[in-house]
Each structure stands twice: as C-alpha cells, then as structure tokens.
Amino acid sequence: EAQVTQNPRYLITVTGKKLTVTCSQNMNHEYMSWYRQDPGLGLRQIYYSMNVEVTDKGDVPEGYKVSRKEKRNFPLILESPSPNQTSLYFCASSFFGTANTGELFFGEGSRLTVL
Amino acid sequence: GQSLEQPSEVTAVEGAIVQINCTYQTSGFYGLSWYQQHDGGAPTFLSYNALDGLEETGRFSSFLSRSDSYGYLLLQELQMKDSASYFCAVTSGNTPLVFGKGTRLSVIA
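Just so it is clear, the model here is predicted, and its values are computed rather than measured.

Participant: So what exactly am I meant to see when it comes to the sheet that holds strand 7 (residues 65-66) of chain A here?
Facilitator: Sheet strands associate in pairs through backbone hydrogen bonding, adopting either a parallel or an antiparallel arrangement. Residue and element names in this part refer to chain A. Reading across from one edge, 1-3-8-7 is the order of the four strands in this open sheet, with antiparallel pairing throughout. Single-partner strands in this sheet number two, and they are strand 1 (4-7) and strand 7. Note that strand 1 and strand 3 (residues 19-25) share four bridges and pair antiparallel. When the bridges of strand 3 are listed, Thr 5 appears paired with Ser 24.

Participant: What is the right way to read the interface of chain A and chain B from this model?
Facilitator: Where interface size is quoted, it is often the accessible area lost as the parts come together. Listed as interface residues are 21 residues of chain A and, on the opposing side, 18 residues of chain B. Contact between chain A and chain B buries roughly 1600 Å² in total, counting both sides, with carbon and sulfur atoms accounting for 60%. Here chain A is connected to chain B by zero salt bridges. There are two residue pairs in polar contact (both at pLDDT 80 or more) connecting chain A and chain B. Secondary-structure elements contributing two or more residues to the side of chain A that touches chain B are strand 4 (31-38) and strand 5 (42-51) of chain A. Sort the elements by how many residues they give to the side of chain A that touches chain B and strand 5 of chain A lands first, with five residues.

Participant: Whenever I open this one, the nonpolar core confuses me. Can you help?
Facilitator: One broad rule of soluble globular proteins: the nonpolar side chains tend to lie buried together. Ranked by size, the top nonpolar core spans 23 residues in total, and within it Leu 4, Leu 32, Trp 34, Leu 75, Tyr 86 and Leu 105 of chain B carry the most contacts. Counting only elements with at least two residues in this core, the list comes to strand 2 (9-13), strand 3 (18-25), strand 4 (29-37), strand 7 (60-65), strand 8 (70-75), strand 9 (84-92) and strand 11 (103-108) of chain B. Residues contacting Leu 105 of chain B, with those up to four places away along its chain left out, are Val 10, Ala 12, Val 18, Leu 75, Leu 78, Asp 82, Ser 83, Ala 84 and Tyr 86 of chain B. Counting residues in each nonpolar core, the second largest holds 19 residues, with Trp 34, Val 66, Phe 74 and Val 114 of chain A among its members.

Participant: Mind showing me how you'd approach unusual backbone geometry here?
Facilitator: Negative phi characterises most residues that are not glycine, and trans characterises most peptide bonds. Omega for the peptide link from Asn 7 of chain A to Pro 8 of chain A comes to -5°, which places this bond in the cis form. Among the structural elements, Pro 8 of chain A can be located in the loop between strand 1 and strand 2 (10-13). Even without being glycine, Asn 28 of chain A reaches a positive phi, approximately 60°. Looking at the element boundaries, Asn 28 of chain A is found in the loop between strand 3 and strand 4. Of note in the backbone geometry, Glu 77 of chain B takes a positive phi value of approximately 45° without being a glycine. Relative to the assigned elements, Glu 77 of chain B resides in the loop between strand 8 and strand 9. The exposure class of Glu 77 of chain B is exposed, given its relative accessible area of 53%.

Definitions and cut-offs
- Residues numbered from 1 in each chain as written.
- Chains lettered and ligands numbered in written order.
- Predicted model: local features only at pLDDT ≥ 70, side-chain atom pairs only at ≥ 80, totals over all residues.
- Heavy atoms only, no water.
- Pairing = 2+ DSSP bridges.
- Helix = DSSP H or I, 4+ residues; strand = E, 2+ residues; numbered from the N terminus.
- Contact = heavy atoms within 4.5 Å.
- Buried area = accessible area lost by both parts, 1.4 Å probe.
- Salt bridge = Lys/Arg side-chain N within 4 Å of Asp/Glu carboxyl O.
- Polar contact = N/O pair within 3.5 Å; in protein donor to acceptor, adjacent residues only side chain to side chain.
- Core = buried A, V, L, I, M, F, W, Y, C linked by side-chain atoms within 4.5 Å.
- Buried < 20%, exposed > 50% of the residue type's maximum accessible area, 1.4 Å probe, protein only.

See below:
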C-alpha cells in the first residue's frame, strides 16, 4: 500500500529534551516536506527536500533540523524543544516537487506537546 | 512572496451547493490545488487546476481564472460528511506548495 508513515503519532516531552519524528514513504517520491499546523494558521512549511542530500528551509524553520540521507526517509529533529513547538506535524511527499500535479501525499500526523 | 486568501468559515445546508473562493498572489504561477481535511485527520488531495476553467470530479468541481488570480471549489449535493476544512494551495515555479489558512465548512441539517 502506498503511504507516508510518521512516528510517533503522539508524544509528550519536556523542554530541552531532543526528539526526532521519523517520516518514511514507499512511493519513490523525490520531494518530501514537513509542515506544522496550528489553529487558525493553516499549514506552515518547516523544511523541504527536492531529493537526497538536498534540503531547504520553509517558512518556519527555526528550532528544527532535517536530513535526507535516503530517498524514502526525511526525519524532523528538534534539538531542544520548547513549548512554542507544541503543534500537529505532517510529513508529505510527491513526485517532481508538485510542479506538475499539485498533489502531495500526507502522513497521518504527529501530535507533539512540549511541557 | 506568495499569499492566499480564503474565507475562514462557511456554513451551508445539507443538499445545497457551496462555493469556497480563493484568491492568490504569486509569481511564476503553475497551478492551484485543493485539499480536504477532517478534524484529527491528514489533508487529502481533491483537485488541481493548471489551466483556466472548470474541472469536475463527482460532486466536487474546481475553477481557475489565471488572469484574475482566483479560483474556487464548488461542492454540490452537500452531505454531512463534507463538514471539514478546505485548503487552497499554490504551486509556483520550483518552490513548494504554499497553503491558504483554510476554510472551515459546516454542513447543517
């Protein structure tokens, strides 16, 4: 089954404790991206990757890191989480950076709470 | 930069028709997408318009006017399960998709 898989789905952590949210896709997509969703603010892009070893900042990259060592995986790293990073996070992927189809495939989301 | 405007909330009656508008500002425009998101769920792709005109997929249709930087999503024969948030999103050049803030549609009996 074609899918984007994120883990963990739910996480409660404390300020400053490093965490990683994994994202994996099995559709051989070149493009992968991370979004955060907060009430009234829509989907805001954190980082994206057009291909292996190529990553770029989105609109809200502060406090986050990513890596793209393999095509299928795009982990999101919070080195020192803070309460303002409490949010719902989505990973998404597509072919060719959506330039032609406009379609992104989303993971189920990871709800993160930082105390 | 890029920006999109869509209404924050819309309410419509079951069985009726509703139109959700989206205006955008961007350079190097490629196309306009629409996504649906139910509470607690992930966004799912509904449609993509790269050319002017109306695209129909079942009860849902999407329209684009490139000259007006405007598009809309039309939902017909509304059902309770259509209650969700709807996002328009713009594809421009090689930049990633930029999403609007979403329109929350409430379908009432």
